[in-house]
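One letter stands for each residue in the lines below.
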Amino acid sequence: MINKTEFNVIIERDSEGFFIASVPELQGCHTQAKSLDVLMERIREAIQLCLEVNWSISALATSSGVIPRIQRKSIGHSLRKQGLQET
């Protein structure tokens, strides 16, 4: 059974013609490409990588009892959802 999760992807076009995609629900999840086809491939890969990193941080905190300290103040809401502390 495959667990599918859907995310909102915001796509914009810059002044040089590049498409830029970002996922608001995942901090730092963004990419760019010249074509929409390539952009969609890249944003799927970026989402997968962001989820793997988030899972690794959560697993580390759970297994070691250590709560990682995150420096970015702007992600407090998402950190609380994950049970992490913000500095």
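Let me sum up the structure you'll find in this document. All of these numbers come straight from a predicted model, not from anything done at the bench.

## Examining the overall build of the chain
A tally of helices and strands in the chain yields two helices and five strands. Its helices and strands taken in sequence order, the chain reads β-β-β-α-β-α-β from the N to the C terminus. Put simply, the chain has 87 residues, and 23% of those count as buried. The contacts in the chain between residues at least 6 apart in sequence include a share of 15% that link residues at least 24 apart.

## A closer look at the packing of aromatic side chains
The relative placement of two aromatic rings is captured by the distance of their centres and the angle of their planes. Applying the stated rule across the entire model yields zero aromatic pairs. Stacked on the ring of Phe18, the Lys or Arg Lys34 has its end atom at 4.5 Å from the ring centre.

## Remarks on the pairing of strand β2 (residues 19-22)
Here β2 shows one buried face, formed by Phe19 and Ala21, and one open face, formed by Ile20 and Ser22. The hairpin turn running from strand β1 (residues 10-13) into β2, its antiparallel successor, is five residues long, and Gly17 in that turn takes a positive phi close to 95 degrees. Bridge count between β2 and strand β3 (residues 30-33): four bridges; the pairing is antiparallel. Residue pairing for β3: Ala21 is matched across the bridge by Thr31.

## Digging into the side chain of Thr31
Here Thr31 shows up in strand β3. In contact with Thr31, not counting residues within four places along its chain, are Phe19, Ile20, Ala21, Leu39, Arg42 and Ile43.

## Side note on a nonpolar patch on the surface
Taken together, the side chains of Val9, Ile11 and Leu36 define a hydrophobic patch exposed on the protein surface, amounting to about 210 Å² of accessible area. Within the secondary structure, Ile11 is located in strand β1. Residue classification places Ile11 among the partly exposed positions, given a relative accessible area of 39%.

## Notes on the nonpolar core
Phe19, Ala21, Val23, Leu26, Cys29, Ala33, Leu39, Ile43, Ala46, Ile47 and Cys50 form the largest nonpolar core, which has 11 residues in total. Ranked by residues supplied to this core, first place goes to helix α1 (residues 36-64) with five residues. The contacts of Ala33, once residues within four sequence positions are left out, are Phe18, Phe19, Val38, Leu39 and Arg42.

Parameters at a glance
Residues numbered from 1 in each chain as written. Predicted model: local features only at pLDDT ≥ 70, side-chain atom pairs only at ≥ 80, totals over all residues. Heavy atoms only, no water. Helix = DSSP H or I, 4+ residues; strand = E, 2+ residues; numbered from the N terminus. Buried < 20%, exposed > 50% of the residue type's maximum accessible area, 1.4 Å probe, protein only. Contact = heavy atoms within 4.5 Å. Phe/Tyr/Trp six-rings, centres within 6.5 Å; stacked < 30°, edge-to-face > 60°. Lys NZ or Arg CZ within 6 Å of the ring centre and 35° of its normal. Pairing = 2+ DSSP bridges. Patch = residues over 30% accessible without salt bridge, like charges linked within 9 Å, V, L, I, M, F, W, Y side chains within 5 Å. Areas by Shrake-Rupley, 256 points an atom, 1.4 Å probe, with all protein chains shown as cover. Salt bridge = Lys/Arg side-chain N within 4 Å of Asp/Glu carboxyl O. Core = buried A, V, L, I, M, F, W, Y, C linked by side-chain atoms within 4.5 Å.

Taken by themselves, the reported measurements are silent on function.
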